[in-house]
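# Architecture and fold: a report
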Amino acid sequence: MSAPILSATDLRRHFEVKSGLFGGTNTVRALDGASFELVPGRTLAVVGESGCGKSTLANLVTMIDTPTSGTFTIDGQDIQPGDELKDKVLRAKVQIVFQNPYGSLNPRQTIGKILMEPLLLNRPEISAEERERRAREMVELVGLRPEHFNRYPHMFSGGQRQRIAVARALMLEPEILVLDEPVSALDLSIQSQVLNLLTDLQDKFNLAYLFISHDLSVVRHFADDVIVMYLGKPVEQGAKDEVFENPRHPYTKALLSATPMADPARRQERIKLEGELPSPLNVPVGCAFNPRCWKATEECRNKRPDMSDGSHRFACFHPENGDN
Amino acid sequence: MSEATANLPQPPSPLREFWSYFRENRGAVIGMYVFMVFFIVALIAPLIAPYTPHEQFRDHLLQPPFWQEGGSTEFLLGTDPLGRDMLSRLLHGARFSFFIGVIVVSIASFFGVIIGVISGFAPKWMDTLIMRLMDIILSFPSLLLALVLVAILGPSLINAMIAIALVLQPHFVRLTRAAVISERTKDYVTAAKVAGAGRLRTMFVTVLPNCLAPIIVQAALSFSTAILDAAALGFLGMGAQPPTPEWGTMLAEAREFILRAWWVVTLPGICILVSVLAINLMGDGLRDALDPKLKRS
Amino acid sequence: MSLLEIKNLTVEFRTANGPFRAVDSVDMTVTAGELVAIVGESGSGKSVSMLAMMGLLPWTANITADKMEFDGKDLLRMSPKERRKIIGKDVSMIFQEPMSSLNPCYTVGFQIKEVLRQHTDLTRAERQARAVELMEQVGIPDPAKRLNVFPHQLSGGMSQRVMIAMALACKPKLLIADEPTTALDVTIQAQILDLLIDLQKTEGMALILITHDMGVVAETVERVNVQYAGQRVEQQEVNALFSNPHHPYTAALLAALPERATGRHLPTIPGVVPGQFDRPQGCLFSPRCEFADDHCRTKPPVAAGPELGKALCHRPLQQGVPQDQKEVSA
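Note that the structure is predicted; figures quoted are calculated from it, not measured.

Residue and element names in this part refer to chain A. Most of strand β7 (residues 176–180) sits inside the fold, with 5 of its 5 residues counted as buried. Here β7 shows a buried face lined by I176, V178 and D180 and a second buried face lined by L177 and L179. For strand β6 (residues 94–97) and β7, the ladder comprises 4 bridges, and the chain directions are parallel. Bridging from a neighbouring strand, V94 pairs with I176 of β7. Inspection of the sheet shows β7 paired to strand β8 (residues 208–213) by 5 bridges, in the parallel sense. Looking across to β8, one finds that V178 is bridged to L210. A crossover links β7 with its parallel partner β8, the connecting element being helix α6 (residues 188–205), and its sense is right-handed.

Structure (structure tokens):
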């Protein structure tokens, strides 16, 4: 395994929210202490339900947003908010593909313009002909046809648009690609086309992927490592096979059993999670999962479990399949 | 990597789709034709007018249109109290009205859109400042405000146009701001930022072109408001000054003859009515065709 | 006797660019108390056919059918007024977006009681009692108190429960669930699916589940209709469908599931679903089908017999192998 291209330690992002007209401010801990590494040629998947902080994490890694605390380094360089010049060089190294291919392409720009814009903005020294040549090359690389170059996004289907979005992200030759639910808006038959494209591109350019998804069956196929998040905190983290085959945190286990499997012969008894997801404004004291957990004890309700050490880490006092 | 699709027939271009929606509204199509006639007349008025608008025929004062007793085909629509040919004056009046519409809408939309975009992207305090200022302008009756401005600047056609543009501009600001705020959270704007687009580029190159549809509709409707307000100012003696053949001014000049010679008042009035109605109909059609919310599947 | 019977239903929308056929000669029967799924990708017309049955399509839609009967009553020849008596009472529907399906201006309780007021002659007090009972039935804690909250105070899962309570208000014989869990989180999705199936069993109503998720189908349903580009291409019992699909589209779709993948690459279906402007001549799936020959590309297929899942195909698959049945189709 090669050296990590991005490493983050104890990354946090808190938002101040005013409650009411005269009320004080409330702190939303959208992301509360995530540590991970991205390695070239490997895919790290972030899994969780709504409000778990996946999108906040994506925004931090793409430098759209800045962390409240914690450090992260890209390619050996510390990221300091407000450091304009270094930002620009670093920004080119991290690109993003969004969930909704219908909203992520500017409807007034042709495909060619969309692809050339990143070069125009970041590499003004490249000549216009060279820009166009590279953009046309990229169009073919993602499996579109040369005549698509001058068309507008509305002429394309969802899957083709997602190819265009991937192409745009690759124009600056990034080293990290953040994939924010890239296939969840696509139909099943198109989803596999886009996933295959992403696999090929990763092999070709040795890209590090941060793959954000709520669909565990896609993650199981696509990822190398997995972080499971719940209400802003990672609860389990490790290599894909270990997490999927031997889940230690009860939430991971419940999530796995709740995911429908396309195999009627394996209709299993699901673990029924009681209750709703708490609001991120009002995270329970102690372990965030304790109100829904079937193993919760007094300890869970009062103390917050820390992440364990090792390659397969989890934050639970009473892990599954463990010595408890 | 397999190719994504064969070269399949494509859906129709946005322009054709726009036209097919626009065509459904018959009023809008009629309005558009009237507007085009209006435009052509304004363009070639000196060529088709039988006389110049200022030429006075002292022997033919207040001559009625040709179909009435006492009229002649020499002056098809009669003459005014100074013996000037009504038809020529009305044709030239179209030029002024069109000119007013174009200039006023250009000034109002140019500044309105810029302020609107800035307000949409600005920090909260600046946004509040701009919008409250616009609210203040909007809270005056528009004609009254225009009158005050003209009174300060001095009565002339140019000053009237500036005043009307100022009064119309808040509508553009509000509309642009609303459109910008709904567009700026979309993913393609974030994508442009990740690609390294600066603030100005995001504002005017990325976001603005996607906000144009409601602005175009507002511009069309403001065109008619501009003509109407200019005519009103002219009628009150604060706009174009006699002997300019502007429709509102013509109305004002002929006020005292309203009982004796109906044509000197009615004809400019009809011109104002028809042109404003046509533009409003066309504007409604534009809105129906451009507004995605009203689009049928 | 079947509860719902639809024969040869076709729905065309008038658009600015000519007619668009959203549903193309679809047949469907549902017997009382049955659990059926309609599976398909976006644009396969799965929701439209149900909306057409309920008379909920806009005026641009042109609906034709040979037969459309619910509980022995002919829906085709029914006046809108008579139809409204059935819709909402004997047939009800829940939708994908629970948050926008509830009217934000009224309390949850008001909306449930409104349904009861429309369709039953219960008194005020009885309506209140029934509303509490319904809320309890769909697993909402503290039901009497929750009747007085507004929709924006509820989470997505809770809103969907309220929608289900409203749909159940008049003890319908048929409940249509249009992607009921797509907008929800995985753990909440599991809760709602369990609830729907429990209710279907205890209330003895028929349930039509419209979905695109093969996993949901496999875990819940008994009988599956697969739709593609407005046509029903296959109908089978769920275990058989997953183990031995007869239509190449179903087979390719199942193969493309990430959890069935063996290698690093997923098997794919090339191309895209045909749209308004590129409908192929013969079989609609032929441009994307790996078994298609010239016959498939020119002649529209006829449905095979029930032993082959009524597959709409010239050469239905048997254990993954295409059969020759060109002569039989007469």
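There's plenty left to go through after this.
The subject of this paragraph is the side chain of C:D90. Residue and element names in this part refer to chain C. Mapped onto the elements, D90 comes out in the loop between α2 (80–86) and β7 (91–94). In this structure, D90 is buried with no salt-bridge partner, the nearest side chain bearing the opposite charge being K173 at 4.2 Å. Excluding anything up to four places from it in sequence, D90 contacts F70, K73, P172, K173 and L174.

Turning our attention to helix α5 (residues 124–137) of chain C. For an α-helix, 3.6 residues make a turn, and residues three or four places apart therefore share a direction. Residue and element names in this part refer to chain C. The end-to-end C-alpha distance of α5 is 20 Å, a good match for the 20 Å that 14 residues give at a rise of 1.5 Å each. If you check which residues of α5 are buried, you get R127, R130, A131, V132, L134 and M135. At the C-terminal side of α5, G139 shows a positive phi close to 80 degrees.

Right, let's get into the packing of helix α3 (residues 86–121) of chain B against helix α9 (residues 212–235) of chain B. All names here are of chain B. At a closest axis distance of 8 Å, the pairing of α3 and α9 adopts a crossing angle of 130 degrees. In terms of their interaxial angle, α3 and α9 are classed as oblique. The interaxial crossing formed by α3 with α9 has right-handed handedness. Along its contact with α3, which presents S97, F98, I100, G101, V102, V104, V105 and V113, the element α9 presents I215, A219, S222, F223, A226, I227 and A230. Tallied by class, residues from the contact of α3 with α9 come to 12 nonpolar, 3 polar and no charged.

Attention shifts here to the UniProt feature "transmembrane region" (unreviewed entry) in chain B. Residue and element names in this part refer to chain B. Mapped onto the present numbering, the UniProt feature "transmembrane region" (unreviewed entry) falls at residues 28–49, 96–122, 142–168, 211–237 and 257–279. What you have in residues 28–49 is 95% helix and 0% strand, and the ends, taken at the C-alpha atoms, are 28 Å apart. Here residues 211–237 runs as 89% helix and 0% strand, with 38 Å between its end C-alpha atoms.

The next thing to look at is the pairing of strand β3 (residues 43–47) of chain A. Residue and element names in this part refer to chain A. By the criterion of burial, β3 is predominantly enclosed, with 5 of the 5 residues buried. Burial along β3 is two-sided: T43, A45 and V47 and L44 and V46, pointing in opposite directions, are all buried. Of the pairings in the sheet, the one linking β3 to β8 comprises 5 bridges and is parallel in character. What sits directly across from V46, in β8, is I212. As paired strands, β3 and strand β9 (residues 225–230) are joined by 4 bridges and run parallel to one another.

Calculation notes
- Residues numbered from 1 in each chain as written.
- Chains lettered and ligands numbered in written order.
- Predicted model: local features only at pLDDT ≥ 70, side-chain atom pairs only at ≥ 80, totals over all residues.
- Heavy atoms only, no water.
- Buried < 20%, exposed > 50% of the residue type's maximum accessible area, 1.4 Å probe, protein only.
- Helix = DSSP H or I, 4+ residues; strand = E, 2+ residues; numbered from the N terminus.
- Pairing = 2+ DSSP bridges.
- Right-handed = clockwise from strand over helix to strand, strands pointing away.
- Lys, Arg positive; Asp, Glu negative; His and termini not counted.
- Salt bridge = Lys/Arg side-chain N within 4 Å of Asp/Glu carboxyl O.
- Contact = heavy atoms within 4.5 Å.
- Expected span 1.5 Å × (residues − 1).
- Axes fitted to C-alpha atoms, helices over the stretch in contact; angles between N-to-C directions.
- Parallel < 35°, antiparallel > 145°, perpendicular 65-115°, else oblique.
- Left-handed = near helix turned anticlockwise from the far one by under 90°.
- Nonpolar A, V, L, I, M, F, W, Y, C, P; charged D, E, K, R; others polar.
- UniProt positions renumbered as here; feature names shortened; annotations may be inferred.

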